[in-house]
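Examination of the molecular architecture
Next come the chains, spelled out residue by residue.
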Amino acid sequence: METAQRPVISATGLFTPEESISNEELVASFNAYVERFNAEHADAIAAGELGALEPSSVEFIEKASGIKSRHVMAKAPVLDPDIMAPRWDERPDEDLSILAEIGVAAAQDALARAGREARDVDAVLCAASNMQRPYPAMAIEIQQALGIEGFAFDMNVACSSATFGIQTAADYIRAGHARSVLVVSPEITSGHLNWRDRDSHFIFGDVATAVLVEDAAIAPEERWDILGTRLKTVFSNNIRNNFGFLNRAHPETADTPDKLFVQEGRKVFKEVVPMVAQMILDEAERLGIDPQSLRRLWLHQANAGMNRLIAQRVLGHEASADESPTVLDTYGNTSSAGSIIAFHLHSDDLRGGDIGLICSFGAGYSAGTVFVRKAG
Ligand SMILES: CC(=O)SCCNC(=O)CCNC(=O)[C@H](O)C(C)(C)COP(=O)(O)OP(=O)(O)OC[C@H]1O[C@@H](n2cnc3c(N)ncnc32)[C@H](O)[C@@H]1OP(=O)(O)O
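Residues numbered from 1 in each chain as written. Predicted model: local features only at pLDDT ≥ 70, side-chain atom pairs only at ≥ 80, totals over all residues. Heavy atoms only, no water.

Under an unreviewed UniProt entry, the protein has the name Beta-ketoacyl-ACP synthase III and belongs to Pelagerythrobacter marensis.

Here is the structure:
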C-alpha cells in the first residue's frame, strides 16, 4: 500500500554578505568608542557619578565564543565609533526590501541545487528572528519576488526559527497540503545587536539560508530523508529583546538598551546545554537511533563551548571537527541560520545511509531537532 507523503530535504541555499569584520577591527572600533566616552565623561567618572567603560579584547572574544570574524551587510557604519549600527538608504515600498533580497538569493541557490523552478514551489515560510517589519509578511514579498503561487507567512522562534520552519514544512508535506516548501531564514542580526555592549558586541553576524523541503516522490535523488522532528519551548528572560511597536506607549524608554539584544550569557549556557542534550537523546531513543552512531551533528552556532558540551553528551566522547563542524569562526552567531549554514557547508561528503542531526536552540528558550538520513 502506498504510504503517506514523506518529507525530505531536497537542497539548501546560502547567501553570505561580501563584507566581514575581524575581531581586531571590531575591538579597535569598540575601544575607540570607549576611549572617547571616558574622555568626554572624565569629570563625572572622576567624581564617581559614572562608571568608566572597560575596553574589549580580541583574546577574550576568541576564547569565550570561538568567533574570529562575522559577515555584515554594512561594515563601515558598524565600525564607525560615532554610529556603531548598520546604515543604508531607505528603499521605496515598490523596491524589494533588503531582508527579502538576501532571502531570495538564498532561496535561488537552494532551488538551483535541487534543479527546481520557483513555479514548482507551493509555499514559502520566512522563518527568522530579525524581521524587517510586521507586515506585509516578508515571506509573501519573497514569494512574489520568486514568482511562486500558493501561500507564504512569517514565523519567528528566534534562533530556532529554521528548525521550527522545517517541521512546519514537513507537516504540510505529510498532510498533503503542499509538495514543495521553501523555508527561508534571512538574518540581518547587525540590526538587533548592541555594538556598544562589551558583553555581546562580538556575537552576531548577517547571512541568509534556505531549505527546500519536499515530498520524496518529487524530490531529486540527492536528498536527505527527514526521519523525525521535535520542538520544545520553555519560557526564559535570559535572552530578551523588548523592541516593538507598543514601545510608543512609553516614549521615554523607547531607545533604552533593552530594545536591542540582551542576555545573561552564563545562565543561558548553564540552562540550555542540559536541556538540549537531553532533548536530543530522548528524540534519538524515540526514533530508535543510537546517538553514538550519529555521523554528524549540525548544531546551532552560538558558542563553541556550548557545542562542545552538547556534542560530548550526545556522542559519548569529545566530538571532532568532522563530527560537529563549526562555522562560528567566520560567520559568528547567525541566529536561526547557524545550523543550516553548518549543514550546507559540511554535508556533501556524507554517504548514503549516514544519519545526522540538525539542531537549534536559543531565545524563548526554544529548541528543535531534525534527524536526517542521506538517501541512496
Ligand atoms: C543561544 C543563542 O544563540 S543566544 C546568543 C548567544 N548566547 C550564548 O552564546 C549563550 C552562551 N553564553 C556564552 O557563550 C558566554 O556567556 C559568552 C560568550 C556570551 C560570554 O562569556 P562568559 O565567559 O560567560 O563571559 P562573562 O560575561 O561572564 O565575562 C567574563 C569576564 O570577561 C569580561 N568580559 C566580558 N566581555 C568582555 C570583552 N568583550 N572583552 C574583554 N573582557 C570581557 C567580563 O567583564 C568578566 O570579567 P570578570 O571575570 O573580571 O568579571
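After presenting the structure, the write-up continues.
**Thoughts on the packing of aromatic side chains**
Each pair of aromatic rings is reported with the distance of its centres and the angle of its planes. Across all of its chains, the model carries 9 aromatic pairs by this definition. Aromatic side chains Phe-30 and Tyr-33 sit 6.1 Å apart centroid to centroid with 65° between the ring planes, which places their arrangement in the edge-to-face category. Separated by 3 residues within a single helix, Phe-30 and Tyr-33 lie in helix α1 (residues 23-40), roughly one turn from each other. In terms of burial, Phe-30 and Tyr-33 fall into one category: buried. Aromatic side chains Trp-224 and Trp-298 sit 5.7 Å apart centroid to centroid with 85° between the ring planes, which places their arrangement in the edge-to-face category. With a gap of 74 residues between them, Trp-224 in strand β8 (residues 224-233) and Trp-298 in strand β11 (residues 296-299) connect regions that are remote in the sequence. When its relative accessible area of 8% is taken as the criterion, Trp-224 is described as buried. Residue Trp-298 is classed as buried on the basis of its relative accessible area of 0%. Ring pairing ties together the aromatic residues Phe-30, Tyr-33 and Phe-37, which thus form one cluster. (Phe/Tyr/Trp six-rings, centres within 6.5 Å; stacked < 30°, edge-to-face > 60°. Helix = DSSP H or I, 4+ residues; strand = E, 2+ residues; numbered from the N terminus. Buried < 20%, exposed > 50% of the residue type's maximum accessible area, 1.4 Å probe, protein only.)

**Describing helix α11 (residues 338-345)**
Judged by how many residues are buried, α11 sits mostly within the fold: 7 of 8 residues are covered. Three or more residues of α11 are buried, namely Gly-338, Ser-339, Ile-340, Ile-341, Ala-342, Phe-343 and His-344.

**Here's the deal with the packing of helix α8 (residues 265-287) against helix α9 (residues 304-315)**
Contact geometry of α8 with α9 gives a least axis separation of 9 Å together with a crossing angle of 30°. Relative to α9, α8 is oriented roughly parallel. Note on packing geometry: the crossing formed by α8 with α9 is right-handed. Along its contact with α8, which presents Val-268, Phe-269, Val-272, Val-273, Pro-274, Val-276, Ala-277, Ile-280 and Leu-281, the element α9 presents Gly-305, Met-306, Leu-309, Ile-310, Arg-313 and Val-314. Its residues assigned to classes, the contact of α8 with α9 comprises 13 nonpolar, 1 polar and 1 charged. (Axes fitted to C-alpha atoms, helices over the stretch in contact; angles between N-to-C directions. Parallel < 35°, antiparallel > 145°, perpendicular 65-115°, else oblique. Left-handed = near helix turned anticlockwise from the far one by under 90°. Contact = heavy atoms within 4.5 Å. Nonpolar A, V, L, I, M, F, W, Y, C, P; charged D, E, K, R; others polar.)

**Let's talk about empty space enclosed by the protein**
Summed over all chains, the structure comprises 1 cavity of 30 Å³ or more. Here the largest cavity defines a volume of roughly 30 Å³. Lining of the largest cavity is provided by Leu-26, Ser-29, Phe-30, Val-78, Leu-79, Met-84, Trp-195 and His-201. For the lining of the largest cavity, the secondary-structure elements that each account for two or more residues are α1 and α4 (75-79). Ranked by residues supplied to the lining of the largest cavity, first place goes to α1 with 3 residues. Residue composition of the lining of the largest cavity, grouped by class: 6 nonpolar, 2 polar and no charged. (1 Å grid on protein atoms, 1.4 Å probe; cavity = no way out; pocket = protein on both sides within 12 Å on 5 of 7 lines; lining within 4 Å. Points joined across faces, edges and corners; volume = space filled by probe spheres on them.)

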